[in-house]
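Listed here are the chains, written in short residue letters.
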Amino acid sequence: MVAGILAGVTWALETLILGVALAMSPFVSTEQAVILAPFVSTFTHDAFSAIWACIYNAIRGNLKGVVRALKTKSGRFVILAAVIGGPIGMTGYVLSINNMGASIGAVASAIFPAIGAVLAYFFLKEKMQWYRWILLIFTLLGVYGLSYSPEVNISNFWLGFAGSLMCAFGWGIEAVILAKSMQDPEVTNEIALQIRQTTSAVVYAAVIIPIMKGWGFTVSLFTTGTGWLIPTIALAALFATVSYLFYYKAISQIGASKAMALNVTYAAWAIVFTVLIFRDTSVLNPVTIICTVVVLACGILAAADYKELFNKQQI
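Residues numbered from 1 in each chain as written. Predicted model: local features only at pLDDT ≥ 70, side-chain atom pairs only at ≥ 80, totals over all residues. Heavy atoms only, no water.

Peer 1: How should I be thinking about the side chain of serine 49 in this particular structure?
Peer 2: Within the element layout of this structure, serine 49 appears in helix 3 (residues 31-60). Of the polar contacts made by the side chain of serine 49, one reaches the side chain of glutamine 197; its length is 2.6 Å. Other than its neighbours up to four places away in sequence, serine 49 contacts Gln197, Ala237 and Thr241. (Helix = DSSP H or I, 4+ residues; strand = E, 2+ residues; numbered from the N terminus. Polar contact = N/O pair within 3.5 Å; in protein donor to acceptor, adjacent residues only side chain to side chain. Contact = heavy atoms within 4.5 Å.)

Structural data, given as structure tokens:
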């Protein structure tokens, strides 16, 4: 439970930092830059995250385990999950942030637990008690209320909405595949993260960036004076890596549906940090305050199995 909550907290910080990077001049200087920004920033973000994960796994002595895991069926399913959750899900996420703002982009894409919970029920036989469904519905209603706050400036609703759907389905499916894969003792949450981020970066580099004809623009970010852009993306990727480690740990320990319900609280944490860190009170009004409380409270309660908790206390 704690790991799932920390995953949401750190992902909210990643969201805000990535939002700052996307607002920097290299990504908004020309029409081509605006089009390429979601794809190039996602590739750069996941590449840095793969590097951070590699450093972490090297310190932990897990790199040989990564090689062994790739030879297993479960390891290859993690690669599939990486393609669905990375190039598809993450691109949708960045599209959402880019067109709906950092806090609302996070909120709008947060419907993935509902999709993931349904898939987990059918494919992983993870049961959700009736009260957890109700709490999850209230969480999503809170998400809906936040996303339609009148004080938020949405530049392109439909493009942001399309990105949110890509993100929701991508991450929902990814979580279910990962939960199944991490049942294999050869695929720990740390190893799964390494495979996921490396696969995502490679697919972007080999397929998506060439299709978008974006390699020239990508290289220019590293060879020309872009100020704090690259360090900012690297910092966002560091928080993303920490968030993924907590998230994957939660998936492996309490299941996909519960982990997603906890992780979705990043939508509300993004609002909290927008006010605390950036001193931006424009997102605050009675609707956003109430909905933020609802998302945090119901998201956490939706992950709690009270029957199981009661049985343990009885024992």
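Now that the structure has been shown, the text picks up again.
Peer 1: Teacher, can you tell me more about the packing of aromatic side chains here?
Peer 2: Aromatic ring pairs are defined here through the distance separating the ring centres and the angle between the ring planes. Taken as a whole and assessed by the stated rule, the structure comprises ten aromatic pairs. Relative to phenylalanine 122, the ring of tyrosine 121 lies with its centre 5.3 Å away and its plane at 85 degrees, an arrangement referred to as edge-to-face. Where tyrosine 247 meets tyrosine 248, the ring centres are 6.2 Å apart and the plane angle is 50 degrees; that geometry is what we call tilted. By the burial criterion, tyrosine 247 is buried, and tyrosine 248 matches it. Taken together through their ring pairs, the aromatic side chains of Trp11, Trp171, Tyr244, Tyr247 and Tyr248 make up a single cluster. (Phe/Tyr/Trp six-rings, centres within 6.5 Å; stacked < 30°, edge-to-face > 60°. Buried < 20%, exposed > 50% of the residue type's maximum accessible area, 1.4 Å probe, protein only.)

Peer 1: Quick question: what am I supposed to make of helix 11 (residues 215-223) here?
Peer 2: Three- or four-residue spacings in an α-helix give side chains the same orientation, since the helix completes a turn every 3.6 residues. Among the residues of helix 11, those classed as buried are Phe217, Thr218 and Leu221. Buried residues along helix 11 cover an arc of 105 degrees about the axis, so they all sit on one side. For helix 11, exposure combined with an orientation more than 90 degrees from the buried face picks out Gly216 and Thr223. (Arc of directions from axis to C-beta.)

Peer 1: Explanation requested: the nonpolar core in the structure shown.
Peer 2: For soluble globular proteins, the rule of thumb is that nonpolar side chains tend to be buried together. Among the nonpolar cores identified, the biggest contains 72 residues, and Trp11, Phe27, Tyr93, Trp171, Tyr247, Tyr248 and Ile251 are the most heavily contacted of them. Looking at this core, the element that brings in the most residues is helix 12 (residues 229-254), giving 13 residues. Excluding residues that lie within four positions of it along the chain, phenylalanine 27 makes contacts with Ala21, Leu22, Ala33, Val34, Ala37, Val40, Ser41, Phe217, Leu221, Leu229 and Ile233. (Core = buried A, V, L, I, M, F, W, Y, C linked by side-chain atoms within 4.5 Å.)

Peer 1: Looking at this structure, I do not really get the side chain of asparagine 62. What am I missing?
Peer 2: With respect to the helices and strands, the residue asparagine 62 is situated in the loop between helix 3 and helix 4 (63-70). Here the side chain of asparagine 62 touches glutamate 190 through a polar contact of 2.9 Å, side chain to side chain. Among all residues touching asparagine 62, those that are not within four sequence positions of it are Asn57, Glu190 and Ile191.

Peer 1: Explanation requested: the packing of helix 1 (residues 2-22) against helix 14 (residues 266-278) in the structure shown.
Peer 2: Helix-helix packing is described using two parameters, namely the angle between the two axes and the distance between the axes. In contact at an axis separation of 8 Å, helix 1 and helix 14 are set at 55 degrees when each is read in the N-to-C sense. The angle between helix 1 and helix 14 falls in the class oblique. Crossing handedness for the pair helix 1 and helix 14: right-handed. Across the interface between the two elements, Ile5, Gly8, Val9, Trp11, Ala12, Leu13, Thr15, Leu16 and Val20 of helix 1 pack against Tyr266, Trp269, Ala270, Phe273, Thr274, Ile277 and Phe278 of helix 14. Counted by class, the contact of helix 1 with helix 14 contains 13 nonpolar, three polar and no charged residues. (Axes fitted to C-alpha atoms, helices over the stretch in contact; angles between N-to-C directions. Parallel < 35°, antiparallel > 145°, perpendicular 65-115°, else oblique. Left-handed = near helix turned anticlockwise from the far one by under 90°. Nonpolar A, V, L, I, M, F, W, Y, C, P; charged D, E, K, R; others polar.)

Peer 1: Looking at this structure, how should I read the packing of helix 9 (residues 157-181) against helix 12?
Peer 2: It is the contact of helix 9 with helix 12, at a shortest axis distance of 9 Å, that shows an interaxial angle of 60 degrees. What the angle tells us is that helix 9 and helix 12 run oblique. Considering the relative orientation of helix 9 and helix 12, their crossing is right-handed. Packed against helix 9, whose contacting residues are Glu174, Ala175, Leu178 and Ala179, the element helix 12 presents Tyr247, Tyr248 and Ile251 at the interface. Along the lines of polarity and charge, the residues of the contact of helix 9 with helix 12 split into six nonpolar, no polar and one charged.

Peer 1: I'm lost on a nonpolar patch on the surface in this one. Help?
Peer 2: Where nonpolar side chains cluster on the molecular surface, the patch consists of Ile51, Trp52, Ile55, Ile59, Leu235, Leu238 and Val242 and spans about 610 Å² of accessible area. Of all elements in the fold, only helix 3 and helix 12 reach the threshold of two or more residues within the nonpolar patch. You can see leucine 235 is positioned in helix 12. For leucine 235, a relative accessible area of 40% translates into the label partly exposed. (Patch = residues over 30% accessible without salt bridge, like charges linked within 9 Å, V, L, I, M, F, W, Y side chains within 5 Å. Areas by Shrake-Rupley, 256 points an atom, 1.4 Å probe, with all protein chains shown as cover. Salt bridge = Lys/Arg side-chain N within 4 Å of Asp/Glu carboxyl O.)

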